[in-house]
Amino acid sequence: MVSIKTIAEECGVSIATVSKSLNGHKDISEATRNFVCETAKRLGYMPNSQARALKTNKSYIIGVLLADKAENGLTHVYFSAVIDSFKREMEKSGYDIVFISEKIGDRTMSFYEHCLYRNVDGVLAACVDFESNGVQELIKSSVPLVAIDYKQKGLCSVVSDNRNGMGDLVNYIYSLGHRRIAYIYGDDSQVTSSRVTAYIDTLKMLGIKPDENYLKHGKYLDCTSAEILTHDLMKLPSPPTCIIYPDDYCAISGLEVIKKYAEANPFGKISAAGYDGLLAGRIKSLSLTTVKQDTYNIGTNAGRLLKRIIAKEDIPEDEMVSVVRGFLVNGQTVGTMP
């Protein structure tokens, strides 16, 4: 393994000069620094992370919490996309990513204890029960933390603009002549609350009295639940002309149920819309109307914000919460009403 001593001998300089050159010290000339760095690269030198940690008092390890109730983990398309862009942003500054849980092997520990065990420099809380004691313990600790889609006083977070996203979707559906618009919403969370409120407020603004029969409590990424609730809506005396689903997967499952009612439905074709937009372009045979969330900027902003916290930068209150707006995808699953 190539060491700093090997590079020093190859360059004919001191070990101190090599160390300073590799770490960008300004008291080394640019010519010497370039010569040392080029030699280190040619010899295949890799810095030792443990030595760097001792010198900088930083581990360069970032913990990620990803423990949703449905245990989707990295198969959760939205959060995996957010984590991917977050990871890329952190890697630019030399950070590695580890996943934080409440168990290592047979040993049970809290999220906070796991962070201490891994000696992380910071944490991204992407998909957890933020109200749980374990997560609140971590939030209130000294560990730098950024949350995704969760706001709390004194907490830095990056959130998708669900209110405007849902508002845009309902307005678009209304513009195509729909007046009986149903919404199957997901598990209880700040995201769900924001979307449901926006759905109700937008209907009222458009002069439509919200109908509780059209508002159904479902689950995110649960196709079976979406199918059952779609059947329930189709059996209403006056079924909706358009159904909004909690996510794109549920929308696709709901469309399969809707097709079964299409021929016998005296009220005409039933439309459907999803949310997330992460399946856009993946299913060639289906152009789904949905709201595409900007996972790239959500993850990137979270990484930049976390690096500022780790650097002990004073974050102004108006910069503690970053709101990222998505955009409407005008697919073909919402038709025009006659």
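Quick note: structure is the one above.
Keep in mind that what you see is a predicted model, and the values were worked out from it rather than measured.

S.K.: Hey, could you run me through the state of the cysteines in this one?
M.R.: Every disulfide links exactly two cysteines, by a covalent bond between their sulfur atoms. Across all of its chains, the model carries zero disulfides by this definition. Unpaired in this structure, Cys 223 has its nearest cysteine sulfur neighbour in Cys 250, at a distance of 5.3 Å. Cys 223 gets classed as partly exposed once you look at its relative accessible area, which sits at 28%.

S.K.: Help me understand unusual backbone geometry in this model?
M.R.: Backbone phi values are negative for most residues with the exception of glycine, while trans is the configuration of most peptide bonds. For Tyr 60, which is not a glycine, the phi torsion comes out positive at approximately 60 degrees. On the secondary structure map, Tyr 60 appears in the loop between α4 (49-56) and β1 (61-66). The phi dihedral of Asp 149 is positive, around 60 degrees, even though this residue is not glycine.

S.K.: Would you take a moment to explain the packing of helix α1 (residues 4-11) against helix α2 (residues 15-22) for this structure?
M.R.: The relative placement of two packed helices is expressed as an angle between their axes plus a distance between the axes. Where α1 contacts α2, the axes come no closer than 8 Å and their chain directions differ by 105 degrees. It follows that α1 is roughly perpendicular to α2 by the angle criterion. Contact with α1, carried on its side by Ile 4, Lys 5, Ile 7 and Ala 8, involves Ile 15, Val 18, Ser 19 and Leu 22 of α2 and no other residues of that element. Within the contact of α1 with α2, the residues separate by chemical class into six nonpolar, one polar and one charged.

S.K.: What is the right way to look at the sheet that holds β1 in this model?
M.R.: Hydrogen bonding along the main chain pairs the strands of a sheet, whether they run parallel or antiparallel. The six strands are arranged β2-β1-β5-β6-β7-β13 in an open sheet whose pairing can be described as parallel. Since the sheet does not close on itself, it has two edges, and those belong to β2 (96-100) and β13 (321-324), each with one partner. The average angle at which neighbouring strand axes cross in this sheet is 20 degrees, direction not considered. Direction of pairing for β1 relative to β2: parallel, over a ladder of five bridges. Bridged to Ile 61 within β2 is Asp 96. Running over the sheet, helix α6 (residues 111-118) touches β1, β2 and β5 (122-127) and is turned about 145 degrees from β2.

S.K.: Looking at this model, I keep getting lost on the environment of Lys 307. Mind explaining?
M.R.: Within the fold, Lys 307 resides in helix α12 (residues 295-310). Not counting the four nearest positions on each side in its chain, Lys 307 is found in contact with Glu 89, Met 90, Ser 93 and Tyr 95. Only 2.9 Å separates the side chain of Lys 307 from the side chain of Glu 89, close enough to count as a polar contact. A polar atom in the side chain of Lys 307 sits 3.0 Å from the side chain of Ser 93.

S.K.: Quick question: what am I supposed to make of the side chain of Ser 21 here?
M.R.: Residue placement: Ser 21 occurs in helix α2. A polar contact of 2.7 Å, which involves the side chain of Ser 21, links it to the backbone oxygen of Thr 17. Beyond its immediate chain neighbours, meaning those up to four positions away, Ser 21 contacts Ile 28, Thr 32, Arg 33, Val 36 and Cys 37.

S.K.: I'm lost on the sheet that holds strand β8 (residues 181-185) in this one. Help?
M.R.: The sheet built from four strands is open, its strands ordered β9-β8-β10-β11 with parallel pairing. A single partner strand is all that each edge strand has here, and the edge strands are β9 (215-217) and β11 (271-273). For this sheet the average axis-to-axis angle between neighbouring strands, irrespective of direction, equals 20 degrees. Relative to β11, strand β10 (residues 242-244) runs parallel, the two sharing three bridges. Across the sheet, Ile 244 pairs through a bridge with Ala 273, a residue of β11. Sheet strands in contact with helix α9 (residues 190-205) are β8 and β9, and its direction is about 170 degrees off that of β8.

About the thresholds
- Residues numbered from 1 in each chain as written.
- Predicted model: local features only at pLDDT ≥ 70, side-chain atom pairs only at ≥ 80, totals over all residues.
- Heavy atoms only, no water.
- Disulfide = S-S within 2.5 Å.
- Buried < 20%, exposed > 50% of the residue type's maximum accessible area, 1.4 Å probe, protein only.
- Helix = DSSP H or I, 4+ residues; strand = E, 2+ residues; numbered from the N terminus.
- Axes fitted to C-alpha atoms, helices over the stretch in contact; angles between N-to-C directions.
- Parallel < 35°, antiparallel > 145°, perpendicular 65-115°, else oblique.
- Contact = heavy atoms within 4.5 Å.
- Nonpolar A, V, L, I, M, F, W, Y, C, P; charged D, E, K, R; others polar.
- Pairing = 2+ DSSP bridges.
- Polar contact = N/O pair within 3.5 Å; in protein donor to acceptor, adjacent residues only side chain to side chain.

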